[in-house]
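Structural features, examined
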Amino acid sequence: MEKRGAEAVVELFPDRVIKTRVPKSYRIPELDERLRSERTRAEAKIISEARRAGIPTPIVYDVRQYALVMEFVDGRPMKEVITPELSRAVGVLVGRLHKAGLIHGDLTTSNMILRGDVIYMIDFGLSFWDGTLEARGVDVHVYYQTLISSHEDHEALMDAFAEGYRAAFPEAADDVLRRVKEIEYRGRYKTETP
Amino acid sequence: MAFYGFFIGLRLPESIVRGMRGEKRLARNGDMLVIMQSKKVLGIEGTAWSLSAAIVGHDRVYAEAGHPYVPETGGIHPMAAAQHHASHIAPIIRQVLDSGVGFDGVAFSRGPGLGPCLRTVATAARALALAYDVPLIGVNHCVAHIEVGRWQTGCHDPVVLYVSGANSQVIAFRRGRYRVFGETLDIGIGNALDKFGRHLGLQHPGGPKIEALAREGKSYIKMPYVVKGMDLSFSGMMSAAKEAAATHSKEDVCFSLQENAFAMLVEVTERALAHTGKDEVLIGGGVGANGRLQAMLDAMCKDRGAKFYAPPRKFFGDNGSMIAYTGLIQLEHGMTLDIADSAVLPNYRTDDVVIPWL
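Being a predicted model, the structure only gives us computed values, none of them experimental.

The rules behind these values
- Residues numbered from 1 in each chain as written.
- Chains lettered and ligands numbered in written order.
- Predicted model: local features only at pLDDT ≥ 70, side-chain atom pairs only at ≥ 80, totals over all residues.
- Heavy atoms only, no water.
- Helix = DSSP H or I, 4+ residues; strand = E, 2+ residues; numbered from the N terminus.
- Rg over C-alpha atoms; globule rule 2.2 N^0.38 Å.
- Buried < 20%, exposed > 50% of the residue type's maximum accessible area, 1.4 Å probe, protein only.
- Contact = heavy atoms within 4.5 Å.
- Areas by Shrake-Rupley, 256 points an atom, 1.4 Å probe, with all protein chains shown as cover.
- Lys, Arg positive; Asp, Glu negative; His and termini not counted.
- Charge placed at Lys NZ, Arg CZ, Asp CG, Glu CD.
- Pairing = 2+ DSSP bridges.
- Right-handed = clockwise from strand over helix to strand, strands pointing away.
- Domains from an automatic or database assignment.
- Buried area = accessible area lost by both parts, 1.4 Å probe.
- Salt bridge = Lys/Arg side-chain N within 4 Å of Asp/Glu carboxyl O.
- Polar contact = N/O pair within 3.5 Å; in protein donor to acceptor, adjacent residues only side chain to side chain.
- Axes fitted to C-alpha atoms, helices over the stretch in contact; angles between N-to-C directions.

1. Points about the overall build of chain A
Scanning chain A from N- to C-terminus turns up seven helices and ten strands. Its C-alpha atoms give chain A a radius of gyration of 17 Å, within 12% of the compact-globule value 16 Å for 194 residues. Its C-alpha atoms give chain A principal-axis dimensions of about 45 × 40 × 30 Å. A burial count over chain A gives 52% of its 194 residues as buried. For chain A, the proportion of contacts with a sequence separation of at least 24, taken over those separated by at least 6, is 64%. Of the roughly 9,000 Å² of accessible surface on chain A, 51% is carried by carbon and sulfur atoms. Computed over 29 positive and 32 negative side-chain charges, the separation of the two mean positions in chain A equals 4 Å.

2. Digging into unusual backbone geometry
Here G111 of chain B and P112 of chain B are connected by a cis peptide whose omega angle stands at -5°. Of note, P112 of chain B is situated in the loop between β7 (106-111) and α3 (115-132). Phi is positive for D123 of chain A, which is not a glycine, with a value near 55°. With respect to the helices and strands, D123 of chain A occurs in the loop between β9 (118-121) and β10 (128-129).

3. Comments concerning the pairing of strand β14 (residues 280-284) of chain B
Residue and element names in this part refer to chain B. Counting buried positions over the five residues of β14 gives five, a clear majority of the element. The alternating pattern of β14 places E280, L282 and G284 and V281 and I283 on opposite faces, both of which are buried. With four bridges connecting them, strand β9 (residues 159-163) and β14 associate as parallel partners. Along β14, the bridge assignment pairs V160 with L282. By the bridge criterion, three bridges tie β14 to strand β15 (residues 307-309) in an arrangement that is parallel. Looking at β15, one finds that V281 is bridged to F308. As a crossover connection, the stretch from β14 through helix α9 (residues 291-304) into β15 is right-handed.

4. Remarks on the pairing of strand β4 (residues 40-45) of chain B
All names here are of chain B. For β4, the tally of buried residues reaches six of six residues, placing the bulk of the element in the interior. Bridge count for β4 against strand β5 (residues 52-57) is six bridges, and the pairing is antiparallel. Within β5, the position partnered with E45 by the bridge is S52. Where β4 folds back on β5, the antiparallel hairpin that results is connected by six residues. Sheet topology places β4 next to β7; three bridges connect them, and they run parallel. Among the inter-strand pairings, I44 is bridged to a residue of β7, identified as F108.

5. Some details on the domain arrangement of chain A
Residue and element names in this part refer to chain A. Each assigned domain of chain A is listed with its residue range as follows: domain 1 (2-71) and domain 2 (76-190). Contact residues are listed per partner, giving 17 residues for domain 1 and 17 residues for domain 2. Taking both partners together, domain 1 and domain 2 bury about 1,400 Å²; carbon and sulfur atoms supply 68% of that area. Sorting the residues of domain 1 by area buried against domain 2 places I46, I55 and P56 first, and these three jointly supply 41% of that buried surface. Here domain 1 and domain 2 share two salt bridges between them. For K19, the salt bridge is made with D123, and the minimal N-O distance between the two is 3.1 Å. Run the count over domain 1 and domain 2 and you get five residue pairs in polar contact (both at pLDDT 80 or more). Residue assignment for the side of domain 1 that touches domain 2 shows that the elements contributing at least two residues are β3 (16-21) and α1 (29-52). Here the side of domain 1 that touches domain 2 gets seven residues from one element, more than from any other, and that element is α1.

6. Concerning the sheet that holds β3 of chain A
All names here are of chain A. Spatial ordering of the open sheet is given by β1-β2-β3-β5-β4, a layout of five strands whose pairing is antiparallel. Strand pairing shows two members of the sheet lacking a second neighbour, β1 (2-4) and β4 (60-63), which therefore form its edges. On average, adjacent strands in this sheet sit at an angle of 15° to one another, irrespective of strand direction. Taken together, the five bridges between strand β2 (residues 8-12) and β3 define a ladder with antiparallel strand orientation. Paired with V10 across the two strands is K19, which belongs to β3. Helix-sheet contacts for α1 involve β3, β4 and β5 (67-71), and the interaxial angle to β5 is about 25°.

7. Concerning the interface of chain B and chain A
Each side of the interface is counted separately: chain B has 34 residues, and chain A has 23 residues. Each partner contributes to the roughly 2,300 Å² buried at the junction of chain B and chain A, and carbon and sulfur atoms together form 49% of this total. Three residues stand out in chain B for area buried against chain A, namely Y220, Y225 and R271 of chain B, and they jointly supply 21% of the buried area on that side. Seen at the junction of chain B and chain A, the total is five salt bridges. For R27 of chain A, the salt bridge identified is with E267 of chain B, shortest N-O distance 3.9 Å. With nine residues, helix α8 (residues 250-276) of chain B is the single largest residue contributor to the side of chain B that touches chain A.

Encoded structure:
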């Protein structure tokens, strides 16, 4: 099976996935090759850093020039199974990630997998290092937007997330959650909320 | 046999009107062909450097006149630009009025833009609307760039890359409004290019001159490439370009700057396409006239099976026709303003406008 995103193709095998960043014909080859290899290496580095910070992620088996070979986390997407209890656990993971200076960049409930009773975070393709309130706020905002657009009881899920986030990142959580509210009220995002 | 007639003010069912784009407003009505004498609007643009007025109907631009502000040195000075607009607005309006074409409303660029410029234009628009006793229509400048592009290219529901002096945004229609999916976190690409042009000693606007120099460039100089999700940042790249200019040829720096900046813009456009599932891309705004940027977008669209649309060159830069055309469709949807509520909106956001016609 194959999944095609905006910048990469992900091939799924029973025991591993191969995520390959594909060439873009609109970029000059020099820039194209630099971006694909830099991003492949950065993603591998961020995945292992996130693991060290206590976030379950797929194990990276191999880093090639433009591809990552990773463990296939066979479980159910959070999108299908989420409960307030699980959302609280997501809050703890995101709190740890932010505390480590990392931003996931695409915190949707499709990018979290429940295997057994462990939540794995996947797809660090848009992740970056950033310790600012704004970056953290936008990260949490993306997660909240997913909850609002696809889950009935999103308020309970958001509250539970905030509880977990505070528990894992007490020194900054209140400031971040306040910033999330500000982001919601800005013109750009306000009208995104249904 | 076909019967041709003119019906003034006839309202056609929405389904028929929506199907009509392009040259004539022809609608098939049983055996009869009906040519509508559609409404026209006089529009005035004046958010920044461009001062331009036009009278537009659904079928074409009937009259247009303009007098751009060109700074003697440096970039745009808001007060000097407003002073320029105040001195030239009467003659250019006189020019379009002298065409003898009638109009059913007066539209003006209400924002976003430089406050002093916006107020000058709004004052003229109010006076005209009162004098001719027609409705006043406040138009969002960014929405106007999108609508004039849809009008001129015939695309329907595109992802829009809007690149001008102050703006660099990726926009798409969702749930009743044009939403901004990504944008610059610091400076607009046009202003960035103009500033770099000044650094090289080129005259304002620098964009076209940089494009010409870039065509002679050969080797790519590495510059910061900053894309965060669908957002962009150009400031680090600009510092690097200025530094590189001290040790490399102008041609190579311009080439590298364009390749770097435009790849960033095309990448976020592609992300928005993937995210929204749309299959059309429209480019608008002054920087959109750049041939290299258009070629890159076209290549990206071909690879994804999407269609790329670019309006004729004269509709890229700020122009009165885009304000008049958008004013026209707003008028048809009752989106007019009372004089008392017609204050300008210097920070008018694209997604502040409810779009009932898409």
